[in-house]
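Each chain is listed here by its residues.
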Amino acid sequence: MPPLSSASPSASPFPSRDSVVTALRAAGCVFAEDEAELILGAARTPGELAALVGRRVAGLPLELVLGWAGFHGLRIAVAPGVFVPRRRTEFLVDQALAHAPRARVVVDLCCGSGAVGAALAAGLDRPEVHAADVDPAAVRCARGNLAAAGGRVHTGDLFDALPAALRGRIDILAANVPYVPTGEVALLPAEARDHEPLTALDGGPDGLDVLRRVSAGAPGWLAPGGCVLVETSERQAPAAVEAFTRAGLGTRLAVSDELYAQVVVGVRQ
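Residues numbered from 1 in each chain as written. Predicted model: local features only at pLDDT ≥ 70, side-chain atom pairs only at ≥ 80, totals over all residues. Heavy atoms only, no water.

Points about the sheet that holds strand β3 (residues 105–109)
Two pairing modes exist for strands in a sheet, parallel and antiparallel, and in both the strands are linked by backbone hydrogen bonds. Spelled out, the test is: When DSSP finds at least two bridges between two strands, those strands are taken to pair. Per the convention used, a helix needs a DSSP run of H or I reaching at least four residues, while a strand needs a run of E reaching at least two, with both numbered from the N terminus. For helices, the fitted line uses only the C-alpha atoms of the stretch in contact; every axis is such a line through C-alpha atoms, and the angle between N-to-C directions lies from 0 to 180 degrees. Any two residues whose heavy atoms approach within 4.5 Å at even a single point are treated as in contact.
A sheet is described by the order of its strands in space; here seven strands give the open sequence β5-β4-β3-β6-β7-β9-β8, paired in mixed fashion. Both outer strands of the open sheet, β5 (152–155) and β8 (250–256), are each paired with one neighbouring strand and no more. Looking at each pair of strands side by side, their axes are set apart by 20° on average, direction ignored. Of the strand pairs in this sheet, strand β6 (residues 170–175) and strand β7 (residues 222–232) are connected by five bridges, and their pairing is parallel. Along β7, the bridge assignment pairs Ala 174 with Leu 229. Contacts from helix α5 (residues 90–99) reach β6, β7, β8 and β9 (261–267) within the one sheet, and its direction differs from that of β7 by about 165°.

Side note on the side chain of Glu 231
Quick reminder of the rule: Relative accessibility under 20% of the residue-type maximum defines a buried residue, over 50% an exposed one, and the middle range a partly exposed one, all with a 1.4 Å probe and only protein chains included. Any pair of N or O atoms that falls within 3.5 Å is considered a polar contact. Within protein, one atom must be able to donate a hydrogen and the other to accept it, and sequence-neighbouring residues count only if both atoms are side-chain atoms.
The residue Glu 231 is located in strand β7 in this model. On the accessibility criterion, Glu 231 (2% relative accessible area) is buried. Looking at Glu 231, its side chain comes within polar contact range of the side chain of Arg 88, at 3.1 Å. A distance of 2.8 Å separates polar atoms of two side chains, one belonging to Glu 231 and the other to Tyr 179. Non-local contacts of Glu 231, meaning those with residues more than four positions away in its chain, are made with Arg 88, Thr 89, Leu 92, Ala 175, Asn 176, Val 177, Tyr 179, Gln 262 and Val 263.

Section: unusual backbone geometry
The backbone phi angle of Cys 110 is positive, close to 50°, even though this residue is not glycine. Looking at the secondary structure, you find Cys 110 in the loop between β3 and α6 (115–123). The phi torsion at Arg 126 lies on the positive side, around 50°, for a residue other than glycine. With respect to the element layout, Arg 126 can be found in the loop between α6 and β4 (128–133). Given a relative accessible area of 69%, Arg 126 falls into the exposed group.

Dropping the structure here:
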């Protein structure tokens, strides 16, 4: 890593913005200027700044360097070993809010950091919020992010984690399931491959194993008119739509070209 230089010899020893940008750019950070602003804003001392830059240069995702990720206008705390929310998933939140703007009961399955549940809670009028994940590290992180909304976070595999009292009551069931085919996980960027849990990435041979389980189980948990939403890829979308339809859900595919996002929406008839 190039040494970080101060803004001027007579100024404080705080490294200059230009030296931070140079270090990040040399490490291959495409948005070095934007990242430098965020890192400079997070550092309280020159030593802390050097440590933050060093972690980013070593390949740690920016969100883990900062300790938070921006998502749907919120700051979501993230922790090592927990899936970092992606901007494209904001489209799933938008679709859910558009379909059920007065939802009273919300569930965030495969919740990771709890970003989707937190965004839905912020966009609704004090809903009952539940979230679940199989990974204890994700559950701990989500509990912190959902505390302000009174959210309850459960540990377990999909619907097995949820309280039985939720059956037939869920207005929005959001499931940001893993959907990378097993054979393609090794092709992911190192930031995801090396720092995020395999269970949050690997969706089985064709990437749709968890999606099929969610679509099959959702009708028994949704309230009448309630919706289940799952993110998928453009290539997988036809098979994902078929899985939802086969489960008896009224199904549509929502697409955002801007965010390169595909969301399958299923509604209990």
